[in-house]
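Commentary on secondary and tertiary structure
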Amino acid sequence: MIQPVLPTYNRAPVAFVRGEGCRVFTENGDAYLDFGAGVAVTSCGHAHPRLVAALTEQAQKIWHTSNIYQMPGQEKLARKLIDVTFADTVFFCNSGAEALECAIKMARKYHVAKGNPQRQTIITFAGAFHGRTLATLAAAGNEKYLEGFEPRMPGFHQVAFGDHAALAAAINEHTAALLIEPVQGEGGIRPLPPEELRAMRKLCDDHGILLVLDEVQTGMGRTGKLFAHEWAGITPDIMAIAKGLGGGFPIGACLATEDAAIGMTAATHGSTFGGNPLATAVGSAVVDVITAPGFLDNVQKQSLLLKQKLAALKDTYPDVIEDVRGSGLMMGIKCRVKNTDFQAAALAEKLLLIGAGDNVVRLLPPLVVSTDDVNEAITKLERACMSFKAKAA
Ligand code: PLP
């Protein structure tokens, strides 16, 4: 029977109608501890009063004008992002994939503007995920997601994640940029060592190519710094962000240095909804919340606690948990059981987790998570682990 909504998702048999902080509630009032945050989106928790106020205040003024007019909300948010990053300029869009589309176009246009139009190829990394548009699918090169959608867009060349020698050998006169997630999310929470990110920055400088970071999942405080590349002490030329930037309201952004953005002149790119007044009002409130003194300290503190407790759990249940890895509040449990079974066992304990590649489940709680929340999550995870023990017995 045809379904009213195109059946492209494997949906869990549960629906949420309300959220508060780190908890979401079903129609009949069942509370779930949200350690997925809608795949790293509800960074400030559900129904954060400052975000609700920003949205309702804007909703009473104006919802939409157009990018053919001045957009004060965009300027305000752009300035806030510029103040706290490497960037000189920002393009607003509606999603992570769109932010990457802008980044890819910008990288190619840069070389055209610099008189090197042959520099078109973007080097990407095995296990990457950059979105579901045709360009971002081609960039990530995941055969599972590309199947049936040929012909794939040319102009991407993939090398193994973290293989510096292969990367250095792949750079040639056609290379425009390197595109990488500082921590692979969908790929299974695989952090790139900071020294490798520094080496990539140097390769880009040596060859006159651009470093493009996909911080859609790692950005906006997720790893305990505002952006994950800060751990390596480098800056990119271009950076795509989304997810946590809107705290649940759809918004994406492509940030760039003045030099990297040189080709993006009037009429080279656009979006009807991108940087809509509602989205930028919420985005501004999110930036205020995340950059407030002490906010990231809590991310780092809870991350440490979570890591320690997960390591202990791994020691207690080696038949269920193979490995624990990640950065900040972007943690992955590599399972010995099937990750989808582990996720289902956690759901039965009313704990929300997110699946990933490499048989991993992700823990991506709202960044406002407390010590009590972490302890509760660990109790639920322990019960989930025990349920496998019980089954095996
Ligand atoms: N890049 C990364 C690293 C992501 O994790 C995602 C989404 O999961 C995307 C890009 C695509 O973002 P969106 O689904 O908003 O298009």
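Residues numbered from 1 in each chain as written. Predicted model: local features only at pLDDT ≥ 70, side-chain atom pairs only at ≥ 80, totals over all residues. Heavy atoms only, no water.

Observations regarding the packing of helix α3 (residues 72-83) against helix α9 (residues 277-291)
- Packing of α3 against α9 brings their axes to within 9 Å, and their N-to-C directions diverge by 25°. Taken together, α3 and α9 sit at an angle that is classed as roughly parallel. As for the relative orientation of α3 and α9, their crossing is left-handed in sense. Side by side, α3 and α9 meet where G73, Q74, K76, L77, K80 and L81 of the first sit next to T280, G283, S284, V287 and D288 of the second. (Axes fitted to C-alpha atoms, helices over the stretch in contact; angles between N-to-C directions. Helix = DSSP H or I, 4+ residues; strand = E, 2+ residues; numbered from the N terminus. Parallel < 35°, antiparallel > 145°, perpendicular 65-115°, else oblique. Left-handed = near helix turned anticlockwise from the far one by under 90°. Contact = heavy atoms within 4.5 Å.)

Things to note about the site of the ligand
- The full set close to the ligand counts 13 residues, and G96, A97, D214, Q217 and K243 are the nearest of them.
- In this structure, D214 approaches the ligand through a side-chain N or O atom, which is 2.6 Å from a nitrogen atom.
- Between the ligand and the protein, one listed contact pairs an oxygen atom with a side-chain N or O atom of K243 at 3.0 Å.
- Broken down by element, the shell around the ligand gets its largest block of residues, three residues, from helix α4 (residues 96-113).
- Of the residues assigned to the shell around the ligand, the class counts are four nonpolar, five polar and four charged. (Near = heavy atom within 4 Å. Polar contact = N/O pair within 3.5 Å; in protein donor to acceptor, adjacent residues only side chain to side chain. Nonpolar A, V, L, I, M, F, W, Y, C, P; charged D, E, K, R; others polar.)

A closer look at the pattern of salt bridges
- Inspection of every chain in the model, using the stated rule, returns 20 salt bridges.
- Salt-bridge contacts for K202 lead to D206; the nearest nitrogen and oxygen are separated by 2.8 Å. Of the two residues, K202 and D206 both sit in helix α8 (residues 194-207), four residues apart, roughly one turn of that helix. For the pair K202 and D206, a shared accessibility class is recorded, and that class is exposed.
- When the shortest N-O distance is used, the salt bridge between D323 and R325 registers 3.9 Å.
- Taking relative accessible area as the criterion, D323 reaches 27% and is therefore assigned partly exposed. (Salt bridge = Lys/Arg side-chain N within 4 Å of Asp/Glu carboxyl O. Buried < 20%, exposed > 50% of the residue type's maximum accessible area, 1.4 Å probe, protein only.)

What to know about the nonpolar core
- L310, F342 and L381 are the most contacted members of the largest nonpolar core, which totals 80 residues.
- In contact with F342, not counting residues within four places along its chain, are V320, I333, C335, V337, L353, V361, L381, C385 and F388.
- Among the nonpolar cores identified, the runner-up in size contains 27 residues, and A107, L179, V216 and A260 belong to it. (Core = buried A, V, L, I, M, F, W, Y, C linked by side-chain atoms within 4.5 Å.)

Quick notes on the sheet that holds strand β1 (residues 18-20)
- With mixed pairing, four strands are arranged side by side in an open sheet as β1-β2-β3-β15. In the strand order of this sheet, the two ends are held by β1 and β15 (351-352), each with one partner.
- Taken together, the three bridges between β1 and strand β2 (residues 23-25) define a ladder with antiparallel strand orientation. Bridge pairing links E20 to R23 in β2.
- Docked against the sheet, helix α12 (residues 371-392) engages β2, β3 (31-34) and β15, running at close to 105° with respect to β3. (Pairing = 2+ DSSP bridges.)

Things to note about the pairing of strand β12 (residues 252-256)
- With five of its five residues buried, β12 lies for the most part within the structure.
- Neither face of β12 is exposed, since G252, C254 and A256 on one face and A253 and L255 on the opposite face are all buried.
- Bridge count for strand β4 (residues 89-93) against β12 is five bridges, and the pairing is antiparallel. Each bridged residue has a counterpart across the sheet, and for V90 the counterpart in β12 is L255.
- The pairing of strand β11 (residues 238-241) with β12 spans four bridges and is classified as antiparallel. Bridge pairing links I238 to A256 in β12.

Looking at the packing of aromatic side chains
- Under the definition given, this model contains three aromatic pairs.
- Ring centres of F129 and Y145 lie 5.9 Å apart, and the angle between their planes is 80°; on these two criteria the pair is classed as edge-to-face. Highlighted residues: F129 in the loop between β5 (121-125) and α5 (134-140) and Y145 in helix α6 (residues 143-146), separated in sequence by 16 residues.
- Here F342 and F388 contribute two aromatic rings whose centre-to-centre distance is 6.1 Å and whose plane-to-plane angle is 0°, an arrangement assigned as stacked. (Phe/Tyr/Trp six-rings, centres within 6.5 Å; stacked < 30°, edge-to-face > 60°.)

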